[in-house]
Amino acid sequence: MFRRLPEAAGAALAVSVDGQRVEVRAGDTVAAALLAAGFGHCRTSPVSGAPRAPYCMMGVCFECLVTVDGVGNRQGCLVPVREGMLIETQRGEREVGR
Amino acid sequence: MSTTGDAIVIGGGIHGCSTALHLALRGLKPILIEKDHAGRHASGVNAGGVRQLARHLDEVPLSVASMELWERIADLVGDDCGFKSEGQVLVAETEAELEGFRDRVDELRLRGFTQEELIGRAELKRLVPAVSDTCPGGIVSRRDGAAEPFRTTQAFRRKAVALGAKVLEGITVTGLARNGSTWRISTSAGTSYEAPVVVNAAGAWAGRIAAMLGEPVPLEVIAPMLMITSRMPLFISPVVILRGRKLSFKQFANGTALIGGGHLGRADLDSNRTELDLAKLAESARTVWELFPIMRQATIVRAWAGIEARMPDDIPVIGPSATSEGIYHQFGFSAHGFQLGPGVGALMAELIATGSTNLPIAPFSITRFGSSR
Amino acid sequence: MTGAAALDDKVDVAVIGAGPAGLAAGALSARAGLATVVLDENPAPGGQIYRAITTTPVQRKEILGTDYWHGRELVRELESSGARLATGATVWSISRDLEVAVSHGGRAHLLHARRIVIATGALERPFPVPGWTLPGVMTAGGAQTLLKSSGLVPEGRVVLAGTGPLLWLLAAQLLRAGGAITAILDTTPRQNYVRALRHAPAFVLSPYLIKGLRMMAEVRRKVRVISGVTRLEAVGEGKLKEIIFATGNGAAARMAADLLLLHQGVVPNVNLAMSIGIVHRWDGLQLCWVPEIDRHGNSSVPDIAIAGDGAGIGGAVAAAERGRLAAIAAVRALAPAAVSGLPAEQAVMQALAKAEAGRAFLDTLYQPSADFRIPAGDDTIVCRCEEVTAGQIRANVALGCEGPNQMKSFLRCGMGPCQGRLCGLTVTETIAAARGVSPAQVGYYRLRPPVKPIPLAEVAAMPQPESAVKAVVRR
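1. Some details on the overall build of chain A
So, step 1. If you tally the helices and strands in chain A, you get one helix and eight strands.
So, step 2. Beginning at the N terminus, the succession of helices and strands in chain A can be written as β-β-β-α-β-β-β-β-β.
So, step 3. Judged by the C-alpha coordinates and their principal axes, chain A covers about 40 × 25 × 20 Å.
So, step 4. Counting only residues that meet the buried cut, chain A has 58% of its 98 residues in that class.
So, step 5. Summarising the internal contacts of chain A: among those between residues at least 6 apart in sequence, 44% fall at separations of at least 24.
So, step 6. Summing over all exposed atoms, chain A offers an accessible surface of approximately 3600 Å²; the carbon and sulfur share of this is 52%.
So, step 7. Within chain A, one finds 11 positive and 10 negative side-chain charges whose respective centroids are separated by 2 Å.

2. Some remarks on empty space enclosed by the protein
The gaps of empty space that remain are located by a probe, the size of a water molecule, rolled over the atoms.
Residue and element names in this part refer to chain C.
So, step 1. Taken as a whole and judged by the stated rule, the model has six cavities of 30 Å³ or more.
So, step 2. In this structure, the second largest cavity encloses a volume near 110 Å³.
So, step 3. The wall of the second largest cavity is formed by 13 residues, among which V267, P268, V270, L425 and Y444 lie closest to the centre.
So, step 4. At the level of elements, β17 (266–268) and β19 (288–291) are the ones that each hand at least two residues to the lining of the second largest cavity.

3. Remarks on the sheet that holds strand β15 (residues 253–256) of chain C
Residue and element names in this part refer to chain C.
So, step 1. The strand order across the open sheet built from three strands is β13-β14-β15, with neighbouring strands paired in antiparallel fashion. Each of the sheet's edge strands pairs with one partner strand only, and the pair in question is β13 (229–235) and β15. On average, each strand axis in the sheet is inclined to that of its neighbour by 25 degrees, with strand direction left out of account.
So, step 2. When β13 meets strand β14 (residues 242–247), the two strands line up antiparallel, connected through six bridges. Residue E233 lies in a different strand from β14, and its bridge partner there is I244.

4. Notes on the interface of chain B and chain A
So, step 1. Chain B puts six residues into the contact, and the matching count from chain A is nine residues.
So, step 2. Interface area for chain B against chain A, summed over the two sides, is near 560 Å², with a carbon-plus-sulfur share of 48%.
So, step 3. Counting across the chain B and chain A interface gives zero salt bridges.
So, step 4. Linking chain B with chain A are one residue pair in polar contact (both at pLDDT 80 or more).

5. What about helix α5 (residues 165–176) of chain C?
Residues and elements named next belong to chain C.
So, step 1. Look at α5: 17 Å from first C-alpha to last across twelve residues, which is about the 16 Å you get at 1.5 Å a residue.
So, step 2. With nine of twelve residues buried, α5 is to be regarded as a mostly interior element.
So, step 3. Residues of α5 that are buried include every one of L166, L167, W168, L170, A171, A172, Q173, L174 and L175, and no others.
So, step 4. Positive backbone phi, at 90 degrees, marks G178, one or two positions downstream of α5.

6. So, the side chain of T389(C)
Residue and element names in this part refer to chain C.
So, step 1. Looking at where T389 falls in the secondary structure, it is placed in strand β22 (residues 388–389).
So, step 2. In this structure T389 comes out as buried when scored by relative accessible area, which is 17%.
So, step 3. Discounting chain neighbours no more than four positions away, the residues touching T389 are D378, D379, T380, I381 and V382.

7. Some words on the pattern of salt bridges
So, step 1. This model, assessed by the stated rule, comprises 52 salt bridges over all chains.
So, step 2. For R4(A), the salt bridge is made with D28(A), and the minimal N-O distance between the two is 2.9 Å. Highlighted residues: R4(A) in strand β1 (residues 2–4) and D28(A) in the loop between β3 (20–25) and α1 (30–36), separated in sequence by 24 residues.
So, step 3. For R4(A), a relative accessible area of 24% puts it in the partly exposed group.
So, step 4. R76(C) is the salt-bridge partner of E73(C), the closest N and O atoms lying 2.9 Å from each other. A residue pair is termed a helical-turn pair when its members lie 3 or 4 positions apart in one helix, as E73(C) and R76(C) do in helix α3 (residues 66–79) at three residues.
So, step 5. Look at R76(C) and you get partly exposed, because its relative accessible area is 42%.

8. A word on the environment of L291(B)
Residue and element names in this part refer to chain B.
So, step 1. Residue placement: L291 occurs in helix α9 (residues 278–291).
So, step 2. For L291, a relative accessible area of 1% puts it in the buried group.
So, step 3. Those residues in contact with L291 that lie beyond four places of it in its chain are E93, A130, V131, S132, C135, V240, L242 and L247.

9. Some thoughts on the nonpolar core
So, step 1. Judged by nonpolar contacts, the single largest core of 106 residues is most densely connected at V15(A), L147(C), L160(C), I184(C) and L261(C).
So, step 2. Looking at which element gives the most residues to this core, the answer is helix α10 (residues 316–334) of chain C, with eleven residues.
So, step 3. In this view, I184(C) contacts L160(C), L167(C), W168(C), A171(C), V219(C), V223(C), R224(C), V225(C) and I226(C); residues no more than four positions away in its chain are not counted.
So, step 4. I33(B), I209(B), A210(B) and I307(B) belong to the second-largest nonpolar core, a separate cluster that totals 77 residues.

10. Points about the pairing of β3(A)
Residues and elements named next belong to chain A.
So, step 1. One ladder, built from six bridges, connects strand β2 (residues 12–17) with β3; its direction is antiparallel. If you follow L13 over to β3, its bridge partner there is V24.
So, step 2. Hairpin connection from β2 to β3: two residues lie between these consecutive antiparallel strands, with D18 at a positive phi of about 50 degrees.

11. Considerations on the domain arrangement of chain B
Residues and elements named next belong to chain B.
So, step 1. Segmenting chain B into domains produces domain 1 (3–51 + 149–217 + 313–369) and domain 2 (85–144 + 221–310).
So, step 2. For domain 1 and domain 2, the distance between their C-alpha centres works out to 29 Å.
So, step 3. Tallying the contact residues gives 21 residues for domain 1 and 18 residues for domain 2.
So, step 4. Both sides of the domain 1 and domain 2 interface together cover about 1600 Å² of buried area, and 56% of this is carbon and sulfur.
So, step 5. Taken as a group, A47, R51 and A204 account for 29% of the area that domain 1 buries against domain 2, more than any other trio of residues on that side.
So, step 6. The tally of links between domain 1 and domain 2 comes to one salt bridge.
So, step 7. A salt bridge links D270 to R208; the shortest N-O distance between them is 3.0 Å.
So, step 8. On inspection of domain 1 and its partner domain 2, the count reaches nine residue pairs in polar contact (both at pLDDT 80 or more).
So, step 9. Mapped onto the side of domain 1 that touches domain 2, the elements with two or more residues apiece are α2 (42–45) and β4 (49–50).
So, step 10. For the side of domain 1 that touches domain 2, a count of residues per class yields eight nonpolar, seven polar and six charged.

12. Overview of the packing of helix α1 (residues 20–31) of chain C against α10(C)
Residues and elements named next belong to chain C.
So, step 1. One can describe the packing of α1 onto α10 by two numbers: an axis separation of 7 Å at closest approach and a directional angle of 30 degrees. Crossing of α1 against α10: the hand is right-handed. Here P20, A21, A24, A25, L28 and S29 of α1 come into contact with α10, specifically with A316, A319, A320, G323, R324, A327, I328 and V331.
So, step 2. Classifying every residue of the contact of α1 with α10 gives eleven nonpolar, two polar and one charged.

13. A look at the interface of chain A and chain C
So, step 1. Taken residue by residue, the interface counts 36 residues in chain A and 51 residues in chain C.
So, step 2. When chain A packs against chain C, close to 3500 Å² is buried across both sides, 59% of that on carbon and sulfur atoms.
So, step 3. Among the residues of chain A in contact with chain C, F2(A), R3(A) and Y55(A) are the three that bury the most area, contributing 22% of the side total.
So, step 4. At the junction of chain A and chain C, the tally comes to three salt bridges.
So, step 5. The residue E387(C) makes a salt bridge to R52(A) at a minimum N-O spacing of 3.3 Å.
So, step 6. One can count 16 residue pairs in polar contact (both at pLDDT 80 or more) joining chain A with chain C.

14. Details of the sheet that holds strand β13 (residues 197–200) of chain B
Consider a sheet: its strands pair through backbone hydrogen bonds, and that pairing is either parallel or antiparallel.
Residues and elements named next belong to chain B.
So, step 1. The strand order across the open sheet built from six strands is β9-β3-β2-β13-β23-β22, with neighbouring strands paired in mixed fashion. Only two strands of the sheet have a single neighbouring strand rather than two, namely β9 (166–169) and β22 (317–320). Sheet twist, expressed as the average angle between the axes of neighbouring strands with direction ignored, equals 15 degrees.
So, step 2. Both strand β3 (residues 30–34) and β9 contribute to a ladder of four bridges, which runs parallel. Paired with E34 across the two strands is E169, which belongs to β9.
So, step 3. The strands that helix α1 (residues 14–25) touches are β2 (7–10), β3, β13 and β23 (327–331); relative to β3, the one it contacts most, it runs at about 165 degrees.
So, step 4. Sitting on the sheet, helix α10 (residues 341–354) touches β13, β22 and β23, and the angle it makes with β23 is about 170 degrees.

15. Topic: the environment of M215(C)
Residue and element names in this part refer to chain C.
So, step 1. The residue M215 is located in helix α8 (residues 208–222) in this model.
So, step 2. It is 7.0 Å that separates the C-alpha atoms of M215 and L169, two residues lying 46 residues apart in sequence.
So, step 3. Residues contacting M215, with those up to four places away along its chain left out, are P165, W168, L169, A172 and R176.

16. Considerations on helix α15 (residues 424–435) of chain C
All names here are of chain C.
So, step 1. Over its twelve residues, α15 runs 17 Å from end to end, which matches the ideal 16 Å to within 8%, given 1.5 Å per residue.
So, step 2. Among the twelve residues that make up α15, nine are buried, leaving the element largely enclosed by the rest of the structure.
So, step 3. G436, located one to two residues past α15, shows a positive phi value of around 70 degrees.

Analysis parameters
- Residues numbered from 1 in each chain as written.
- Chains lettered and ligands numbered in written order.
- Predicted model: local features only at pLDDT ≥ 70, side-chain atom pairs only at ≥ 80, totals over all residues.
- Heavy atoms only, no water.
- Helix = DSSP H or I, 4+ residues; strand = E, 2+ residues; numbered from the N terminus.
- Buried < 20%, exposed > 50% of the residue type's maximum accessible area, 1.4 Å probe, protein only.
- Contact = heavy atoms within 4.5 Å.
- Areas by Shrake-Rupley, 256 points an atom, 1.4 Å probe, with all protein chains shown as cover.
- Lys, Arg positive; Asp, Glu negative; His and termini not counted.
- Charge placed at Lys NZ, Arg CZ, Asp CG, Glu CD.
- 1 Å grid on protein atoms, 1.4 Å probe; cavity = no way out; pocket = protein on both sides within 12 Å on 5 of 7 lines; lining within 4 Å.
- Points joined across faces, edges and corners; volume = space filled by probe spheres on them.
- Pairing = 2+ DSSP bridges.
- Axes fitted to C-alpha atoms, helices over the stretch in contact; angles between N-to-C directions.
- Buried area = accessible area lost by both parts, 1.4 Å probe.
- Salt bridge = Lys/Arg side-chain N within 4 Å of Asp/Glu carboxyl O.
- Polar contact = N/O pair within 3.5 Å; in protein donor to acceptor, adjacent residues only side chain to side chain.
- Expected span 1.5 Å × (residues − 1).
- Core = buried A, V, L, I, M, F, W, Y, C linked by side-chain atoms within 4.5 Å.
- Domains from an automatic or database assignment.
- Nonpolar A, V, L, I, M, F, W, Y, C, P; charged D, E, K, R; others polar.
- Left-handed = near helix turned anticlockwise from the far one by under 90°.

Here you go:
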């Protein structure tokens, strides 16, 4: 869905997304990194279970909620990636509140 | 030109709406006057606890009577009000506290009340597996539960209207005057209403109504705070309350958890505004953190406070005015009036229609504040 | 200057938001010698318009355009002013005694200010069309953030839909960055062009005119633009597959798409200001709530000012000037002797007037159609968090539910983590339309702190505030 401008490549670092090692660009937020890495969605809705992806990228819509290093409901668009970060997508109805 | 009715109820909380409904059930034509909208304040934004557990001994008979109405609430108001009876548990945090609970349960038995049951560690753990292992037991009231407060108040209002009550919202009572055997009530809308009976169910604003009648009461305006969390895995069905520290804790079927228990914010009667006290919210959060380790992952999504009246002895004022004939008081429920709403509305209607009630309401008489006036 | 170093617990001026208004306000206030902190929840300053201005990897200046790079000047002003800038700092509560609760570095802090400048800016107006919750549907602003912050350009079949200057700006930026746009579905109501004409004389003086026309021409040369769109739907199973749209009263057409970027203007981000009861009014032209403020931005709550788009949409240049006016007022209140060292208020006022010229033209021309503000279809989701539909809201109006707060109690709309930001205006307008009354009569959600969800753990570990309040008002 997105490609990176060649000039914007930057330094890479590795995070884990649902246990899978993913190379991301240092300086990206978690939400941007997930979109850049081709993740189609980052959580499912706790109401219907429908998949949701980052929507506003500015901290107001709360669609990009993910679990970061064990802390649930972090706004992925506000959290910069760090080397070794453990990111988990949230599955709404099955593990509400994570 | 005044509109006339059989009774005027001031206040559209659960109590005013319930009294209006029960008056209508008795074939009377009540007029209810609410300054905002029904359920706008404490009745609509409380924690929804339907609790006989841990009540003041004087309130127990009223609470038990009210519980009977809760158990057939759908028949009464045409809506189940979201009432679910999954019990309420009073958790003892220490052995000493548990001993005190034992005395209470014994005392209740002596008076013939059996709804409260002392439980030990094993039964507590069975009922509330998530509770911290350090808690030695508690009291359970198994028929207790919780309902949806705004929905409940609205259901009472709707049913009252369906039975012929007039409900006027967005109108403030500005004056009461006696005219022979009737009371004439003037309002902010410039309208006036007449009836032989007036019920003061104005909650936090009831002190103002009492003052208009020349019958001031030592009513304190309080703003009990509540917080709600993000959805959590379902881990608890009964409502859990503490006595030593202030906490009431309830998880909804959708996973969100409601944290209350009586920590107070600030309220302003004129603007309807409440302001939260973050230090006290932090105390609530700490209590939950310690009692339920699973909640350490939770996020607080919202916090708010209702506006409520508290009396110095923490029990309500129920019954006729000591100074003005035809005036009845029904306020000061001190942040635990929601469960009492159905029952006290019924007894108030009985009192108005027949002149008496079998329920013991003497402890709630407004005359008990005589010396403070 | 940034990072997780402990925040001071006492400041003269707390500025909330590091967009143009906050940067300008913080710089002037600190320059006058006031202890000033600028708090922003994002990883870097700039707000949305100057997003990632200090960190963007997009170095070819022409891609983001000269207006964007003006933001560097504002950051430099702040950096040289001595103000403290705290990024990654989420303000979740302010009180009338000027206590600011901030989540920063995984902890809750309380800091006490003598004045607060709320500069929380704007957010994109909700765009409730069928399918707007599907992955593959984003806001135009979201795509712009990805470009600015990360150098990411959408690929595949990309469709922009909506109305307003930002839509065209984004299109131009994406094209300059080598992106391709399948189509722009322009939802600007045709009658707006006529209505906007009477404001045209003022707009002729606006710096936006020439730039705007040039940019639209640039985009139209490369992109198919479909005007007069009156219906829009995103369709797909689990992700966007195609778009259904119609123009005028015409038949529906379909267009395959991988990414749909929605935009219909921006509205003030009012949650923090409303949470302490600052009086707001309904703006019938901008179709949103705006706070009641005086010309320095002072709100109805003493010592709290609002500057920038959060005080009513005026754009980035106006926002900076309004930030300066708020700072001048703060300096006058707290350090009057220092006022003489600041720019003359008259000059700032003139600059503001210049920046605001032509605003009425833009607001009229780009006032979004009711078709896209008040969903016609009952199945359209209004509250994304709790998945409450327009039909449910209308059904409850019919049952006597007259306002957003009653609606919240019955349907849970506005009770999810976004706290009504993405549904509040739609709920108000949908109720108003159903009842046949004005949005002002319907009102808005009652908002309370925390204005952003906060971990229970942080609240539990919170330091006791210095001014432990007396909880009860006795009457």
